[in-house]
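Here is what each chain is made of, one letter per residue.
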Amino acid sequence: MKIVIINYGAGNIQSIQFALERLGYHGILSNDPQEILAADKLIFPGVGEASSAMRKLKESGLDLLIPNLKQPVLGICLGMQLMCNSSEEGNTKGLGIFNVDVLRFSNAVKVPHMGWNQISDLKSALFEGISDKEYMYLVHSFYAPKCAEAIAYTNYELEYASALQRDNFYGVQFHPEKSGKFGEQILANFLNLNS
C-alpha cells in the first residue's frame, strides 16, 4: 500500500511517520502531484497558522489538486480545518471540501484548547473498535462547529465537531499520532478503509 503524507511545509510530519511505522507501514513525504495521485491513502497534516499554510498549498498548486482526489484522504488538525470552507484564523478561504466555517474559541476559555479530551457520538468506520467518550490529544484555538458532516464531537466551551467526513475525505481535529493506542487504532482503521 502506498501511503503519502502531503508535505507542504505545515505539518508535524515526523510523529505521523513514526506512528505509521509502529503500525508496520511506511509513509512517503511528498508534494509531487503525480506521487499524490498514485497514493492508495493520503494523510494531510497541519500545524501552524491557517493563512500561511493555505498560501503554501497555493504556491504548489495543491489547493486545486486536493479537493479532486478520489482515494481516502485524512486531514489532521490544521489539515482538517483547511479542508473546510473558511477559517477565522487569518480570514482564510479554505478548500471547501467540508461545508462548514472554522471559528475561534472565545476568550471565556483558555486558548489554545490543549491536552486530552473526549470524543463522542462516533459515526464512521474510522472509529471501529473505539468506544464512545475515548480520550484523544488536542492542541487548537479554532474549531469546526457542529454540522451535517460531523462524525464525532468534543466539548470545550461548547460542543463542536472533532471529526468530519464527506465521501472519501475524513478530518480529525485531534492528533491520532499522539493519542496512544486508540489514536493508532484510528490511523489503522483509516489505512484499512476500502478505497
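Throughout what follows, the structure given in this document is the object of discussion. (Residues numbered from 1 in each chain as written. Predicted model: local features only at pLDDT ≥ 70, side-chain atom pairs only at ≥ 80, totals over all residues. Heavy atoms only, no water.)

### Some words on the nonpolar core
Next, step 1: Judged by nonpolar contacts, the single largest core of 35 residues is most densely connected at Tyr8, Phe44, Leu57, Ile66, Leu82, Phe98 and Leu164.
Next, step 2: In terms of residues, this core owes the most to one element, helix H3 (residues 50-60), which gives four residues.
Next, step 3: Those residues in contact with Leu57 that sit more than four places away from it in its chain are Tyr8, Phe44, Leu62, Asp63, Ile66, Leu82 and Leu95.
Next, step 4: One finds Ile43, Cys77, Phe105 and Tyr160 within the second-largest nonpolar core, a separate group that totals 31 residues. (Core = buried A, V, L, I, M, F, W, Y, C linked by side-chain atoms within 4.5 Å. Buried < 20%, exposed > 50% of the residue type's maximum accessible area, 1.4 Å probe, protein only. Helix = DSSP H or I, 4+ residues; strand = E, 2+ residues; numbered from the N terminus. Contact = heavy atoms within 4.5 Å.)

### Some remarks on the side chain of Glu184
Next, step 1: With respect to the helices and strands, Glu184 occurs in helix H6 (residues 180-192).
Next, step 2: With residues up to four places along the chain from it excluded, the contact list for Glu184 reads Arg22, Leu23 and Pro176.

### Quick notes on the environment of Ala150
Next, step 1: With respect to the helices and strands, the residue Ala150 is situated in strand E11 (residues 150-156).
Next, step 2: Exposure remark for Ala150: the relative accessible area of 5% places this residue in the buried category.
Next, step 3: Between the C-alpha atom of Ala150 and that of Ile76, which follows or precedes it by 74 residues, the distance is 14 Å.
Next, step 4: Those residues in contact with Ala150 that sit more than four places away from it in its chain are Lys123, Ala161, Ala163 and Leu164.

### A word on the pattern of salt bridges
Next, step 1: Enumeration according to the criterion identifies six salt bridges in this entry.
Next, step 2: The salt bridge involving Asp121 is made with Lys123; its shortest N-O contact spans 3.4 Å.
Next, step 3: Salt-bridge contacts for Glu159 lead to Lys146; the nearest nitrogen and oxygen are separated by 2.8 Å. Of the two residues, Glu159 sits in strand E12 (residues 158-166) while Lys146 sits in the loop between strand E10 (142-145) and E11, which places them 13 residues apart along the sequence.
Next, step 4: With relative accessibility at 32%, the residue Glu159 sits in the partly exposed group. (Salt bridge = Lys/Arg side-chain N within 4 Å of Asp/Glu carboxyl O.)

### Here we look at the side chain of Thr92
Next, step 1: By the element assignment, Thr92 lies in strand E6 (residues 92-93).
Next, step 2: At 2.6 Å, the side chain of Thr92 and the backbone oxygen of Glu89 are in polar contact.
Next, step 3: With residues near it in sequence (within four places) discarded, Thr92 still touches Ala50, Ser51, Met54, Ser86 and Ser87. (Polar contact = N/O pair within 3.5 Å; in protein donor to acceptor, adjacent residues only side chain to side chain.)

### Points about the packing of aromatic side chains
Next, step 1: All chains considered together, the criterion is met by seven aromatic pairs.
Next, step 2: When the ring centre of Tyr153 is taken as reference, the NZ or CZ atom of Lys146 above it lies at 5.4 Å. (Phe/Tyr/Trp six-rings, centres within 6.5 Å; stacked < 30°, edge-to-face > 60°. Lys NZ or Arg CZ within 6 Å of the ring centre and 35° of its normal.)

### Remarks on H3
Next, step 1: Restricting attention to buried positions, one finds in H3 the residues Ala50, Ala53, Met54 and Leu57. Buried residues of H3, seen end-on, are gathered within an arc of 100° and therefore sit on one face of the element.
Next, step 2: Where the residues of H3 are buried, they touch strand E3 (41-44), helix H4 (62-65), helix H5 (78-82), strand E5 (84-87) and E6. (Arc of directions from axis to C-beta.)

### Observations concerning the pairing of E3
Side-chain direction in a regular strand flips from residue to residue, so the side chains alternate between the two faces of the sheet.
Next, step 1: Burial along E3 is two-sided: Lys41 and Ile43 and Leu42 and Phe44, pointing in opposite directions, are all buried.
Next, step 2: Pairing of strand E1 (residues 3-6) with E3 involves three bridges; the strand directions are parallel. Directly across from Val4, in E3, lies its bridge partner Leu42. (Pairing = 2+ DSSP bridges.)

### Regarding unusual backbone geometry
Next, step 1: A cis amide bond, omega 5°, links Val111 with the succeeding residue Pro112.
Next, step 2: You can see Pro112 is positioned in the loop between strand E7 (98-104) and strand E8 (113-119).
Next, step 3: Positioned with a positive phi, Cys77 is a non-glycine residue whose angle comes to about 55°.
Next, step 4: As for its position among the elements, Cys77 is in the loop between strand E4 (73-76) and H5.
Next, step 5: For Cys77, a relative accessible area of 7% corresponds to the buried category.

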